[in-house]
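Secondary and tertiary structure notes
Listed below, chain by chain, are the residues.
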Amino acid sequence: MFPNKIKMKTRFKNKFNIRKGDNVVVISGDDKDLAKPRVVKQVLVDESKVIVEGVNVVTKHSKPNAQNTKGGIIKKEMPIHISNIMLWDAKAKAPAKVTRVRENGKTFRVSKESGERI
């Protein structure tokens, strides 16, 4: 009925202030800890999810196969929604909201609390 609606979804990519390698804190969920910064391993833009080191760890039982002759239990980090994390401001030692600032044609992320570049 609306052929343009499908195109619009794939045409625009979401922009997030979180990138691979950033320090973040988990603000909701089972692994919530506002005082412990963790590192982002991967950002899944299409799904609006991130994989954070040591968060949402699940155990997976694998059967023996050609690659893994032993099999056994594997611990794996699963993605969590990007809304459940916040960037960590090292200067303020607290979670920080972020804004973008353009200088000389380049865009930088700036903490709203301390005013420092991230």
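This text gives an overview of the structure that appears in the document.

**A word on the environment of V110**
When you line up the elements, V110 lands in strand β10 (residues 106–111). Residues V110 and R100, spaced ten residues apart in sequence, show a C-alpha to C-alpha distance of 6.0 Å. Not counting the four nearest positions on each side in its chain, V110 is found in contact with K97, V98, T99, V101, G115, E116 and R117.

**Remarks on the sheet that holds strand β3 (residues 49–52)**
Sheet strands line up and pair through hydrogen bonds in the backbone, either parallel or antiparallel. With respect to topology, six strands assemble into an open sheet ordered β6-β3-β2-β1-β7-β8, the strand pairing being antiparallel. Bordering the open sheet on either side are β6 (80–81) and β8 (94–96), each of which pairs with just one other strand. In this sheet, strand β7 (residues 85–89) lies alongside strand β1 (residues 23–26) in antiparallel orientation, the contact comprising three bridges. Note that in β7 the partner of V24 across the bridge is L87.

**Quick look at the nonpolar core**
In terms of nonpolar packing, the biggest core is built from twelve residues, these being I18, V24, V26, V40, V50, V52, V55, I80, I82, I85, L87 and V98. Of all the elements in the fold, those that place two or more residues in this core are β1, β3 and β7. Ignoring anything within four residues of it in the chain, the contact list for I85 reads I18, V24, V25, V26, I27, V50, V52 and I80.

**Concerning the pattern of salt bridges**
Scanning the model with the defined rule gives four salt bridges in all. Between K41 and E77 there is a salt bridge, with the nearest N and O atoms lying 2.7 Å from each other. Taken together, the residues span a long stretch of sequence, with K41 in strand β2 (residues 33–44) and E77 in strand β5 (residues 72–77) at a distance of 36 residues. K41 sits in the partly exposed class, given a relative accessible area of 39%. Between E116 and K91 there is a salt bridge, with the nearest N and O atoms lying 3.4 Å from each other. Note that E116 is positioned in the segment after β10 and K91 in the loop between β7 and β8, a separation of 25 residues in sequence.

**Description of the pairing of β3**
In terms of strand pairing, β2 meets β3 through four bridges, oriented antiparallel. Bridge pairing links V43 to V50 in β3. The antiparallel pairing of β2 with β3 creates a hairpin that spans four residues between the two strands, and S48 there sits at a positive phi of about 60°. As paired elements, β3 and β6 share two bridges and run antiparallel to each other. Among the inter-strand pairings, K49 is bridged to a residue of β6, identified as H81.

Each value, and the rule that gives it
- Residues numbered from 1 in each chain as written.
- Predicted model: local features only at pLDDT ≥ 70, side-chain atom pairs only at ≥ 80, totals over all residues.
- Heavy atoms only, no water.
- Helix = DSSP H or I, 4+ residues; strand = E, 2+ residues; numbered from the N terminus.
- Contact = heavy atoms within 4.5 Å.
- Pairing = 2+ DSSP bridges.
- Core = buried A, V, L, I, M, F, W, Y, C linked by side-chain atoms within 4.5 Å.
- Buried < 20%, exposed > 50% of the residue type's maximum accessible area, 1.4 Å probe, protein only.
- Salt bridge = Lys/Arg side-chain N within 4 Å of Asp/Glu carboxyl O.

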